[in-house]
Amino acid sequence: MKLVIVCLSLIIAAQGLLHYRERESLYNRLMSRNLDEYKRACSKEAPAEKRESPHQRAIRDWHERGERMISGE
């Protein structure tokens, strides 16, 4: 009797995990604008490098030059 309960518990846990993954995939498909965006979201590869706004680029360049915020130091 205990064996049956353990087996059924394992089946329910496996089913829950499977449903979770399927739900996640469905949400990704629904939220994607097109097939390419869905494939990028599901790929195992590292995501492409984020684009920097001109403001972020200017701040990064400023930090790399090592300029001080307050002049005279």
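Computed from a prediction, not measured in an experiment: that's the story for all the values here.

What counts and what doesn't
Counting starts from 1 at the beginning of each chain's written sequence and moves along it residue by residue. Only residues with pLDDT of at least 70 get local features here, since the model is predicted, and only at 80 or more are side-chain atom pairs given and counted; chain-wide, interface and lining totals rely on the full set of residues. In computing side-chain properties, one takes all heavy atoms of the structure into account and sets aside hydrogens as well as water. Counting from the N terminus, the helices are DSSP H or I runs at least four residues long and the strands are E runs at least two residues long. Between buried and exposed lies partly exposed: a residue is buried under 20% and exposed over 50% of the maximum accessible area for its type, with that area taken using a 1.4 Å probe on protein chains only. Accessible surface area values rest on a Shrake-Rupley calculation with a 1.4 Å probe, where residue burial reflects the displayed protein chains alone. Each salt bridge in this description consists of a side-chain nitrogen of Lys or Arg and a carboxyl oxygen of Asp or Glu lying within 4 Å of one another. The residues that make up patches have over 30% relative accessible area and no salt bridge, and they are joined within 9 Å when like-charged or within 5 Å when they are Val, Leu, Ile, Met, Phe, Trp or Tyr. Expected span of a helix: the number of residues minus one, times 1.5 Å. Per-residue confidence from the predictor is reported as pLDDT, a score between 0 and 100.

On to the overall build of the protein chain, then. Across its full length, the protein chain holds three helices and zero strands. The helix and strand sequence of the protein chain, counted from the amino end, reads α-α-α. Residue burial in the protein chain is summarised as follows: out of 73 residues, 3% are buried. Within the structure as shown, the protein chain displays about 7600 Å² of accessible surface, and the carbon and sulfur contribution to it stands at 59%.

The final tally for this structure, using the stated rule, is four salt bridges. The shortest N-O distance in the salt bridge between Asp61 and Arg60 comes to 3.4 Å. Overall, Arg60 belongs to the partly exposed group, its relative accessible area being 32%. The partner of Glu64 in a salt bridge is Arg60, with the nearest N and O atoms 3.5 Å apart. Of the two residues, Glu64 and Arg60 are both situated in helix H3 (residues 54-65); the distance of four residues between them amounts to about one turn of the helix. Salt bridges linked by common partners bring Glu52, Arg60, Asp61 and Glu64 together as one network.

Taken together, the side chains of Leu26, Tyr27, Leu30 and Met31 present a nonpolar region at the surface, about 480 Å² in accessible area. Overall, Tyr27 belongs to the partly exposed group, its relative accessible area being 49%.

For H3, spanning twelve residues, the distance from its first C-alpha to its last is 16 Å, which sits close to the expected 16 Å at 1.5 Å a residue. Gly66 sits one or two positions beyond H3 and adopts a positive phi of about 75°.

Model confidence for the protein chain is summarised by a mean pLDDT of 84, while 82% of its residues fall at 70 or above. The least confident element of the protein chain is helix H2 (residues 35-42), whose mean pLDDT is 83; the most confident is helix H1 (residues 2-31), at 94.

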